[in-house]
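In case you want the letters, here they are:
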Amino acid sequence: STWASFCFSKEIRGFAPSGFGLKLHGSAVTYERCQHFGAGCLVGVDDGTEIPGGWGACEDCQCSPLTPWRAKNVVGEDLRACIFSGCQDYFRSSVLVMEDLFAEVGVPYDMHHFDGKHTVPQGYGSMLSNC
């Protein structure tokens, strides 16, 4: 959903990523980012995000599934993201990478943390409509 949202941003108002964030590789993994991301992060190599099945691993990219940019939506405003992260979600670290990159490039977003694993949070509909 993240890839489609940025590529087709002029067709929508905003988006809610489907539970997975972003994974960084190579030169995108700076010393400063590793200080923020913590254990497992290797400067110039990998952000340390462990994703089941190795999803997001790539040899020739810096950011998977895409490098975010500040895009315009269907009404000419900045495309806004509504991000959800379960505190026990195995994708949590990739969602925090997404939050970090969105802040860095100026993508407006709302971040919602909830107590739970990789699932749709209770009250998702109302949280999404208030985003």
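Here, every reference points to the structure presented above.
Quick summary incoming for the structure in this document.

Criteria and thresholds
- Residues numbered from 1 in each chain as written.
- Predicted model: local features only at pLDDT ≥ 70, side-chain atom pairs only at ≥ 80, totals over all residues.
- Heavy atoms only, no water.
- Helix = DSSP H or I, 4+ residues; strand = E, 2+ residues; numbered from the N terminus.
- Buried < 20%, exposed > 50% of the residue type's maximum accessible area, 1.4 Å probe, protein only.
- Contact = heavy atoms within 4.5 Å.
- Core = buried A, V, L, I, M, F, W, Y, C linked by side-chain atoms within 4.5 Å.
- Disulfide = S-S within 2.5 Å.
- 1 Å grid on protein atoms, 1.4 Å probe; cavity = no way out; pocket = protein on both sides within 12 Å on 5 of 7 lines; lining within 4 Å.
- Points joined across faces, edges and corners; volume = space filled by probe spheres on them.
- Nonpolar A, V, L, I, M, F, W, Y, C, P; charged D, E, K, R; others polar.

### Some remarks on the side chain of T49
Summarising the element assignment, T49 is placed in the loop between α2 (31-37) and β3 (63-64). Note on T49: relative accessible area 5%, which makes it buried. T49 has contacts with K23, S93, S94 and V97, leaving out every residue within four places of it along the chain.

### Comments concerning the nonpolar core
Core analysis: the biggest nonpolar cluster contains 21 residues, and F6, F15, L22, L24, I83, L101 and F102 have the highest contact counts within it. No other element matches helix α3 (residues 92-105), which puts five residues into this core. Non-local contacts of F15, meaning those with residues more than four positions away in its chain, are made with T2, S5, F6, L79, R80, A81, C82 and F102.

### Topic: the environment of L42
With respect to the element layout, L42 can be found in the loop between α2 and β3. For L42 and A71, which are 29 residues apart along the polypeptide, the C-alpha to C-alpha distance reads 30 Å. In this structure, L42 is in contact with V29 and C34, ignoring residues within four places of it in sequence.

### Quick notes on the state of the cysteines
Applying the stated criterion across every chain yields a total of one disulfide. Here C34 connects covalently by a disulfide to C41, the sulfurs 2.1 Å from one another. Across the S-S bond linking C34 and C41, the dihedral sits near -70 degrees, which makes this disulfide left-handed. One exposure class covers both C34 and C41, and it is buried.

### Here's the deal with the environment of A4
Inspection of the secondary structure puts A4 in helix α1 (residues 2-7). A4 sits 13 residues away from P17 along the chain, and the two C-alpha atoms are 9.9 Å apart.

### Quick look at the layout of surface pockets
Volume-wise, the largest pocket comes out at about 170 Å³. Residue lining of the largest pocket: 14 residues in total, with P17, S18, G19, F84 and T119 positioned closest to the centre. Looking at the lining of the largest pocket, the element that brings in the most residues is strand β4 (residues 80-86), giving three residues. Classifying every residue of the lining of the largest pocket gives six nonpolar, six polar and two charged.

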